[in-house]
Amino acid sequence: PEAKALSANFTSNRGKLPWPVERGIIVSPYGEQPHPVLSGVTIRNDGIDIATQKGAIARACFEGQVSAVIRIPGAGRAVVIRHGEYLTVYGNLNEVYVAQGQTVATKELIGTVRTDGADDQTVLQFQLWKGSSKQNPEPWLFK
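Residues numbered from 1 in each chain as written. Predicted model: local features only at pLDDT ≥ 70, side-chain atom pairs only at ≥ 80, totals over all residues. Heavy atoms only, no water.

### A few points about the overall build of the protein chain
Then comes step 1: Check the secondary structure of the protein chain and you find one helix and twelve strands.
Then comes step 2: In terms of overall size, the protein chain behaves like a compact globule, its C-alpha atoms giving a radius of gyration of 15 Å where 143 residues would be expected to give roughly 15 Å.
Then comes step 3: Each of the three principal axes of the protein chain carries a C-alpha extent, and together these read 50 × 30 × 25 Å.
Then comes step 4: Relative to its 143 residues, the protein chain shows a buried fraction of 43%. (Helix = DSSP H or I, 4+ residues; strand = E, 2+ residues; numbered from the N terminus. Rg over C-alpha atoms; globule rule 2.2 N^0.38 Å. Buried < 20%, exposed > 50% of the residue type's maximum accessible area, 1.4 Å probe, protein only.)

Right, here's the structure in full:
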């Protein structure tokens, strides 16, 4: 019952969720796009990439429970937060402030966004899932 209520609450906030970083711009949208350089090649993004400033801190877009903190070789760490039947994923983190099993509040700080040493870009990879189904996170975020 608790998870159902949280899911319903999450769903009712579609278009109103706070951004997972205080300041940012979407630099790579959800879904398939043509590669910016290689002709005939497509790129699939399971979420959205949000460019932000160096030292930016990722924050939970909704209350929930941290279901995983994982290390991705060559791409920092990721935090997965469960909101009933929904999951949000915050990838490309350098430092993580939360632990598996921890309950987080909306806008709670979860970790610093990693700056890539090769191109000096600070980009958060943000995903939203309903069960095992990928969702476009952009329409869920406040405009």
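### Focus: the packing of aromatic side chains
Then comes step 1: Using the criterion set out here, one finds five aromatic pairs in the structure.
Then comes step 2: When the centroid spacing of 5.3 Å and the interplanar angle of 55° are considered together, the rings of tyrosine 90 and phenylalanine 126 count as tilted. Taken together, the positions of tyrosine 90 in strand β8 (residues 86-96) and phenylalanine 126 in strand β11 (residues 122-130) put the pair 36 residues apart, joining distant regions of the chain. As far as the burial class goes, tyrosine 90 and phenylalanine 126 line up, both buried.
Then comes step 3: These aromatic residues form a ring-pair network of at least three members: Phe10, Phe62, Tyr86 and Trp140. (Phe/Tyr/Trp six-rings, centres within 6.5 Å; stacked < 30°, edge-to-face > 60°.)

### Examining the pairing of β11
One face of the sheet, then the other: side chains in a regular strand alternate in exactly this way.
Then comes step 1: Of all nine residues in β11, seven are buried; the element is thus mostly enclosed.
Then comes step 2: For strand β4 (residues 48-52) and β11, the ladder comprises five bridges, and the chain directions are antiparallel. By the bridge assignment for β11, alanine 51 is matched with valine 123.
Then comes step 3: Where β8 and β11 come together, six bridges link them in antiparallel fashion. Each residue of the ladder has a partner; that of tyrosine 86, found in β11, is lysine 130.
Then comes step 4: Pairing geometry for β11 and strand β12 (residues 133-135), over three bridges, is antiparallel. Opposite tryptophan 129, over in β12, you have lysine 134 as the bridge partner.
Then comes step 5: Linking β11 back to β12 in an antiparallel pair, the connection comprises two residues, with glycine 131 at a positive phi of about 65°. (Pairing = 2+ DSSP bridges.)

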